[in-house]
Protein chains: 6
Amino acid sequence: MRTDKRSLNELRRLTLKPHPNKYAEGSVWIEMGDTKVLCTATVDEKVPPFMKGQGKGWITAEYSMLPRATQTRNQRESAKGKLTGRTMEIQRLIGRALRSVIDLQALGERTITLDCDVIQADGGTRTTSITGAFVALALAVHNLSLQHNFNRYPITDYLASVSVGVIQEQAMLDLNYEEDSKAKVDMNVVMTGTGKFVEIQGTGEDAPFSRDELQKLLSLSEEGIRTLIEKQKEALGPVGARIGATLV
Amino acid sequence: MRTDKRSLNELRRLTLKPHPNKYAEGSVWIEMGDTKVLCTATVDEKVPPFMKGQGKGWITAEYSMLPRATQTRNQRESAKGKLTGRTMEIQRLIGRALRSVIDLQALGERTITLDCDVIQADGGTRTTSITGAFVALALAVHNLSLQHNFNRYPITDYLASVSVGVIQEQAMLDLNYEEDSKAKVDMNVVMTGTGKFVEIQGTGEDAPFSRDELQKLLSLSEEGIRTLIEKQKEALGPVGARIGATLV
Amino acid sequence: MRTDKRSLNELRRLTLKPHPNKYAEGSVWIEMGDTKVLCTATVDEKVPPFMKGQGKGWITAEYSMLPRATQTRNQRESAKGKLTGRTMEIQRLIGRALRSVIDLQALGERTITLDCDVIQADGGTRTTSITGAFVALALAVHNLSLQHNFNRYPITDYLASVSVGVIQEQAMLDLNYEEDSKAKVDMNVVMTGTGKFVEIQGTGEDAPFSRDELQKLLSLSEEGIRTLIEKQKEALGPVGARIGATLV
Amino acid sequence: MRTDKRSLNELRRLTLKPHPNKYAEGSVWIEMGDTKVLCTATVDEKVPPFMKGQGKGWITAEYSMLPRATQTRNQRESAKGKLTGRTMEIQRLIGRALRSVIDLQALGERTITLDCDVIQADGGTRTTSITGAFVALALAVHNLSLQHNFNRYPITDYLASVSVGVIQEQAMLDLNYEEDSKAKVDMNVVMTGTGKFVEIQGTGEDAPFSRDELQKLLSLSEEGIRTLIEKQKEALGPVGARIGATLV
Amino acid sequence: MRTDKRSLNELRRLTLKPHPNKYAEGSVWIEMGDTKVLCTATVDEKVPPFMKGQGKGWITAEYSMLPRATQTRNQRESAKGKLTGRTMEIQRLIGRALRSVIDLQALGERTITLDCDVIQADGGTRTTSITGAFVALALAVHNLSLQHNFNRYPITDYLASVSVGVIQEQAMLDLNYEEDSKAKVDMNVVMTGTGKFVEIQGTGEDAPFSRDELQKLLSLSEEGIRTLIEKQKEALGPVGARIGATLV
Amino acid sequence: MRTDKRSLNELRRLTLKPHPNKYAEGSVWIEMGDTKVLCTATVDEKVPPFMKGQGKGWITAEYSMLPRATQTRNQRESAKGKLTGRTMEIQRLIGRALRSVIDLQALGERTITLDCDVIQADGGTRTTSITGAFVALALAVHNLSLQHNFNRYPITDYLASVSVGVIQEQAMLDLNYEEDSKAKVDMNVVMTGTGKFVEIQGTGEDAPFSRDELQKLLSLSEEGIRTLIEKQKEALGPVGARIGATLV
């Protein structure tokens, strides 16, 4: 049995509170158990230099943890003077994942920056950030759609993410910090509302895994992500109506 | 009349929520109007190199704003690779102010780090950080006092801070962002529970001020800080009982 | 048909030249088509601070590209003053992958650093680096074994890596640069000699992929890695004899 | 009695030598006791990006200490790779203070940079820098006025600065290093020729101070600054004639 | 006798392999004994800001060593976050030396960057880099000359470099690492095909040297460089035909 | 004729003022024409890590220019966050040159740091720094000798430096900035009191030079340095008596 009494395929309690921030074009406060992340979406009416003149938009993400989000205090990256490899890896992942469900052409020459700030960390901060950032992005794009007449709606599908892992030969869904630190295999999966994979990042540093184990982990994650996307739909309500739809 | 209908000597609504963080030795969520700051206190059983071997403790502070705490998004200092002068100035101020009411000898060879992370900014983030950080510090020291038998209680007095300013010849208490950006004179004041000044930082870059104006601003700030300290006492309740008291 | 006339499941020509460097404890020059990487292994008789006192060793990797390894010249990271996110992600991956087949306890308190310097890049530099670094590591550990009497041989299995991808609905093995830049799905797989997965990193930023497509990519990579490991065995000859063997 | 036999309200010996540098548009060598600062003013016929297109000028300052300006050698900030918080705080203060007596509109779209390099430090380096930088600025503006026909003279008033402090319950003017390190309360005051405050920065980290003590310190500083401005007028002679005057 | 049995005025075995890199506009693999350097020339059709609008080109160089080019591993400068003084000194030297035989006017508004990456180091890496970089530069300029009709050929002379030194009172040519570390006087000389000096950098940190010793070292280096330039001519063949020639 | 009417072999006016700094163990203010450098020597009773346990001392140097030491203002290296290649090259040269006349064994396990801060620059700042730094070093070593009973006096010879160059086919001594910027050949020479060379750095970027020209430049520099060392002896007086002498 799991330390917090969940069954193997059970998600932690999820909270999705829209609009916690009065300035951002879209924002959401997401809690996945004791993991708490503030996601804000900022719209900028221009694109980075490498995207200029293509008539397309851009989505980018930044990720950070407050120093005392964790059991022991971490030094701030601003004080160190540079981002750690872990932070860069995570923010590249979040941006890439979100772009997979955005029609950059339809978005037009503007950038949306998703800031994912981990207020408290208890495992799964990168997957929770993706799930929350999608909602903040959806709110910001909806806002844009009230001002701009999008020919095609720029969001082509829902998107959420969850972690899965193997602990003592058991495949489990949505690991908390304690479980994560004991897992021999650790996998982060990002999927769309139509059930396709966007990212699979599986690591067996402590114990390489077989193709069978992989299948079990994939099935668990599919199940979990389906539930997460239900919750996103509830949180967005009518704001999510046009996601994946095409206006003719 | 002020944009939010307050009278000239009226503070914004203050919220002080203890224990928002499950890991920190002390933590408080403070809201001063729409300015929201998460303050955490981390206790470390050693002191920085320059304090070693003196039998004394150390209090230090770090300050940061989330990128979208403000109307337009600010680049992260971790991405820039260095702290701005403003950030350094503020965190030096917070640390210095808190140390003024701490008996470092009584605290013993340990460091308490106060992290003040501005979740949303609407003026007065440095003064709100000081007022909140004091409460987080008091919670952490109380925790320590349950484990260690302090001869003298390490906190010698209450401490809070407020901003005052002059707008169109009117002295006002507790400026919000809009007011702050119109103020010709801007002053941050830190005071103790016994009514003494710890820091006065007044600037008249846009309009030098007379000694008379200074007197009015000081009176306003005394009044505001007295109210803030009342609220701190309410929030701390019995935990604050030994502040300023000496065990014999 | 592929631009270089390979069939879909065909690897590029592989060269593995041991001992190109006269100083390193182990070194290999690897070419995978036009991708050329110099891998050196440096043995250091101590471990990094976070591993001290555990009686275990450590394996770490660094990755870099010469500025003109690519079609257009890249600015040196030393001149920029920091590593890019891509570099950090790759060197974390290489280190993690190699550690999965090392018995750190058996290695004892020493660090082996694998430097993977890309002399020329034509796609698959990270997977080629892993395949080459394993050989350099095996040479260095063999050298160590001649001086130290390992109870258990520290290398528990062979390890190699390959990229696979989907281009115009076709799953393909070992993409060169031109193919890589057209691929909708891109996956890097690391496997052991006994056919277990160590890392799977699949990305469908441009086109999410189905579970069926995933299966095809995994099968292709299994096939490719089996061949690569044959070549590693040839290159190592008797030096590889004790890999995965346990002395009693 | 004070270590150097001054009375409580007595300034140290002041030297103001104009034109020590053959290249700068304005320069002054200032000595305040054993504190020696070289101040140069550089005129640049453009403004920083954030000021562009407003038809206004800009004044900025940089501050630095030679490594052996102090009793023990300090590491160069250029070798550390970053400015300390103290340096940033001081150069922000100097710039802000000088701007308070400049009519940026009248100055027109040009920047004047004041470099304050401390050759030897014996307390009061920031206040001495302000007093000296004002003179260098006045020399540079006078030079400009010979080439450009200013409608309004860009300098609206004189400006000087002094430190005051409390040592053993005694308020004192113009602390040297030894006094400064013993002071319980430390205050830097910047005032104009017409007796208005531009900056008040008072700190009682070691001992919070009462409103009465504050009044005494302000009176001392008013007195000291009045004298300093007399010396500035002498040093400038006819060059200072138009300061604060308006041509109609 | 020298450790590798060379006579005092004998160069090490020299290898110059053109075109080791498939992307660069010019490239050469140079070996001088066990010192191995990859030199690539990159042509960029613009000049750095400080050269703009003068109708002239620019030649610049970068130098780096792979971490395990040496007996013990060196930390990467990219990981340190900055270039060492030694690296900067060497790349400034290489650039300056190459520019001495280039007619920047004739080259036109383009930049050629020479990357000298030391694959293995056994003394004389900077002089070997210059000798190799000249050949890579010649290949790149020849390529340019096939596309652009140069009025004057931009390379005005051949250029090569060698080290000389004094060990146990003996002047020697082309020191290897072991010799270099025992030399009391160490000198790097760069000369042109017409026998003129471009750079002389002699250092006697361990033992100042007389004018007589200097003469001997200069004679040795003249002899060595003459041989090196013969080898460059062989390696370039007809490509070098127009070097130093002027079309009318 | 030269712009300042000097003859070809004439030095600029030299000033050497000892003890301009009240804290440093040795200091000198040196002026060579309009080039002005403050040199301070700081004694530290320990050596850097790479020298530990050898029973020997260390001499190191740092060099910097004030931002307005030159005709146009230079950005501070502390603001850029790194040293330029030029600065590193110069401070390595100064340290190396001074070490050539120091018996590090005799000095014992202590470090002397020479700070050369250019207050005003008019050509020859590096050579002037060496000439001045030697005097500051001699003052500091003399001070040390009053407290420690050196068996051998740690300074083995005098040391000075001068620049020479070729302008319009004329070899000239001690170039000022205007001359330096027109020189086709530029050489810095460091010599000892007994007439030996410590450093020769000659550059003919704009025009390679013949061996004959080199001889002329060397003769000029020998002559100039002889005069400079006379001046150093005058400035040091009896303090210089033991330089080069050995106590038995």
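As named in an unreviewed UniProt entry, chain A is Ribonuclease PH, taken from Paenibacillus darwinianus. As its UniProt record puts it under Catalytic activity (unreviewed entry), chain A is described as follows: "tRNA(n+1) + phosphate = tRNA(n) + a ribonucleoside 5'-diphosphate". Quoted straight from UniProt, the Sequence similarities (unreviewed entry) entry for chain A says "Belongs to the RNase PH family."

A.B. asks: For this particular structure, what's the right way to read the overall build of chain A?
C.D. replies: Tallying secondary structure elements over chain A gives six helices and nine strands in all. Taken over the C-alpha trace, chain A has a radius of gyration of 18 Å; the compact-globule value for 248 residues is 18 Å, and the two agree within 12%. When its C-alpha atoms are laid out on the principal axes, chain A stretches across 55 × 45 × 30 Å. Counting across all 248 residues of chain A, residues that qualify as buried make up 63%. Pairs at least 24 residues apart make up 71% of the contacts formed inside chain A by residues separated by at least 6 positions. For chain A, the accessible area works out to roughly 9600 Å², and carbon and sulfur atoms hold 47% of it. Charged side chains in chain A number 32 positive and 31 negative. The centres of these two groups are separated by 4 Å.

A.B. asks: Any chance you could explain the interface of chain D and chain B here in plain terms?
C.D. replies: Size of an interface, as often reported, equals the accessible area lost when the parts are brought together. Of the residues lining the interface, 30 residues belong to chain D; the matching set on chain B comes to 30 residues. For chain D, the biggest contributors to the area lost against chain B are Glu89(D), Glu205(D) and Arg211(D); these three give 22% of the whole. Run the count over chain D and chain B and you get six salt bridges. Put simply, Arg99(B) and Glu205(D) hold a salt bridge, and the shortest N to O gap is 2.8 Å. If you look at where chain D meets chain B, you find 19 residue pairs in polar contact (both at pLDDT 80 or more). Of all the elements in the fold, those that place two or more residues in the side of chain D that touches chain B are helix H2 (85–99), strand E9 (197–203) and helix H6 (211–236) of chain D. For the side of chain D that touches chain B, the residue count by class is nine nonpolar, 11 polar and 10 charged. Relative to E9(D), strand E9 (residues 197–203) of chain B is paired through five bridges, and the arrangement is antiparallel. Pairing of Ile200(B) across the sheet is with Gly202(D), part of E9(D).

A.B. asks: How should I be thinking about unusual backbone geometry in this particular structure?
C.D. replies: You will see that Glu169(A), though not glycine, has its phi angle at about 65°, which is positive. Counting through the fold element by element, Glu169(A) comes out in the loop between strand E6 (159–167) and strand E7 (170–173). For Asp174(F), which is not glycine, the phi dihedral falls at a positive 60°. One can find Asp174(F) in the loop between strand E7 (170–173) and helix H5 (177–182).

A.B. asks: Sorry, what's going on with the sheet that holds strand E1 (residues 14–18) of chain E here?
C.D. replies: Where strands meet in a sheet, backbone hydrogen bonds hold them as pairs that are either parallel or antiparallel. Residue and element names in this part refer to chain E. The sheet built from five strands is open, its strands ordered E1-E2-E3-E5-E4 with mixed pairing. The open sheet has two edge strands with one neighbour each: E1 and strand E4 (58–65). Averaged over all pairs of adjacent strands, the angle between strand axes in this sheet comes to 15°, irrespective of strand direction. On top of the sheet, helix H4 (residues 125–147) reaches E1, strand E2 (26–32), strand E3 (35–44), E4 and strand E5 (111–120); it is set at about 35° to E3, its chief contact. Seen against the sheet, helix H6 (residues 211–236) touches E1 and E2 and runs at an angle of roughly 30° to E1.

A.B. asks: What should I look at first to understand the relation of the copies chain D and chain B in this one?
C.D. replies: When chain D is fitted to chain B, the best match, at an RMSD of 0.0 Å, comes from turning it 180° and sliding it 0.0 Å along the axis. In symmetry terms, the pair is related by a two-fold rotation axis. The position closest to the rotation axis in chain D is occupied by the C-alpha of Gln201(D), lying 2.3 Å away. Interface residue correspondence from chain D to chain B reaches 100%, placing this contact among same-surface, isologous pairings.

A.B. asks: Sorry, what's going on with the pairing of strand E3 (residues 35–44) of chain C here?
C.D. replies: Consecutive side chains of a regular strand alternate in pointing toward one face of the sheet and then the other. Residues and elements named next belong to chain C. Burial of E3 is extensive: nine of the 10 residues sit out of reach of the surface. Pairing geometry for strand E2 (residues 26–32) and E3, over seven bridges, is antiparallel. Bridged to Val28 within E3 is Cys39. Where E3 and strand E5 (residues 111–120) come together, nine bridges link them in antiparallel fashion. Paired with Cys39 across the strands is Cys116, a residue of E5.

A.B. asks: Can you help me understand the interface of chain B and chain A in this one?
C.D. replies: Residue-level contacts link 37 residues of chain B with 37 residues of chain A. Across the interface of chain B and chain A, roughly 2900 Å² is buried in total on both sides, 48% from carbon and sulfur atoms. When the buried surface of chain B facing chain A is broken down by residue, Tyr23(B), Arg68(B) and Arg76(B) rank first, second and third, together holding 27% of it. At the surface where chain B touches chain A, the tally comes to 16 salt bridges. Salt-bridge contacts for Asp115(B) lead to Arg76(A); the nearest nitrogen and oxygen are separated by 2.8 Å. Looking at the side of chain B that touches chain A, the elements with two or more residues in it are strand E3 (35–44), strand E4 (58–65), helix H1 (77–80) and strand E5 (111–120) of chain B. A per-element tally of the side of chain B that touches chain A places E5(B) first, with six residues. Per-class residue counts for the side of chain B that touches chain A are 14 nonpolar, 10 polar and 13 charged.

A.B. asks: Looking at this structure, how should I read the packing of aromatic side chains?
C.D. replies: Two measures describe an aromatic ring pair: the distance that separates the ring centres and the angle between the ring planes. Following the criterion strictly, the structure yields 21 aromatic pairs over all chains and no others. Ring geometry for Trp29(C) against Trp29(E): centres 6.3 Å apart, planes inclined by 85°, an arrangement best described as edge-to-face. Of this pair, Trp29(C) sits in strand E2 while Trp29(E) is found in strand E2, placing the two residues in two different chains. The pair formed by Trp29(C) and Trp29(E) is uniform in burial state, with each residue classed as buried. Here Phe197(E) and Phe209(F) contribute two aromatic rings whose centre-to-centre distance is 5.8 Å and whose plane-to-plane angle is 35°, an arrangement assigned as tilted. One end of the pair, Phe197(E), is in strand E9 (residues 197–203); the other, Phe209(F), is in the loop between strand E9 (197–203) and helix H6 (211–236), on a second chain. Summarising the burial analysis for this pair, Phe197(E) and Phe209(F) share the class buried. Cation over ring: Lys233(E) sits above Tyr158(E), and NZ or CZ is 5.1 Å from the ring centre.

A.B. asks: Help me out: how do you make sense of the packing of helix H2 (residues 85–99) of chain F against helix H4 (residues 125–147) of chain F in this one?
C.D. replies: A pair of packed helices is characterised by two quantities: the angle between their axes and the separation of those axes. All names here are of chain F. Their axes nearest at 10 Å, the elements H2 and H4 cross at an angle of 40°. Of the possible angle classes, the one that applies to H2 and H4 is oblique. The hand of the H2/H4 crossing is right-handed. Residues Arg86, Glu89, Ile90, Leu93, Ile94, Ala97 and Leu98 of H2 form the contact with H4, whose participating residues are Thr125, Arg126, Ser129, Ile130, Ala133, Phe134 and Leu137. Class assignment of the residues belonging to the contact of H2 with H4 gives a composition of nine nonpolar, two polar and three charged.

Reading the values: rules and limits
- Residues numbered from 1 in each chain as written.
- Chains lettered and ligands numbered in written order.
- Predicted model: local features only at pLDDT ≥ 70, side-chain atom pairs only at ≥ 80, totals over all residues.
- Heavy atoms only, no water.
- UniProt positions renumbered as here; feature names shortened; annotations may be inferred.
- Helix = DSSP H or I, 4+ residues; strand = E, 2+ residues; numbered from the N terminus.
- Rg over C-alpha atoms; globule rule 2.2 N^0.38 Å.
- Buried < 20%, exposed > 50% of the residue type's maximum accessible area, 1.4 Å probe, protein only.
- Contact = heavy atoms within 4.5 Å.
- Areas by Shrake-Rupley, 256 points an atom, 1.4 Å probe, with all protein chains shown as cover.
- Lys, Arg positive; Asp, Glu negative; His and termini not counted.
- Charge placed at Lys NZ, Arg CZ, Asp CG, Glu CD.
- Buried area = accessible area lost by both parts, 1.4 Å probe.
- Salt bridge = Lys/Arg side-chain N within 4 Å of Asp/Glu carboxyl O.
- Polar contact = N/O pair within 3.5 Å; in protein donor to acceptor, adjacent residues only side chain to side chain.
- Nonpolar A, V, L, I, M, F, W, Y, C, P; charged D, E, K, R; others polar.
- Pairing = 2+ DSSP bridges.
- Axes fitted to C-alpha atoms, helices over the stretch in contact; angles between N-to-C directions.
- Least-squares fit on C-alpha atoms with pLDDT ≥ 70 in both.
- Phe/Tyr/Trp six-rings, centres within 6.5 Å; stacked < 30°, edge-to-face > 60°.
- Lys NZ or Arg CZ within 6 Å of the ring centre and 35° of its normal.
- Parallel < 35°, antiparallel > 145°, perpendicular 65-115°, else oblique.
- Left-handed = near helix turned anticlockwise from the far one by under 90°.

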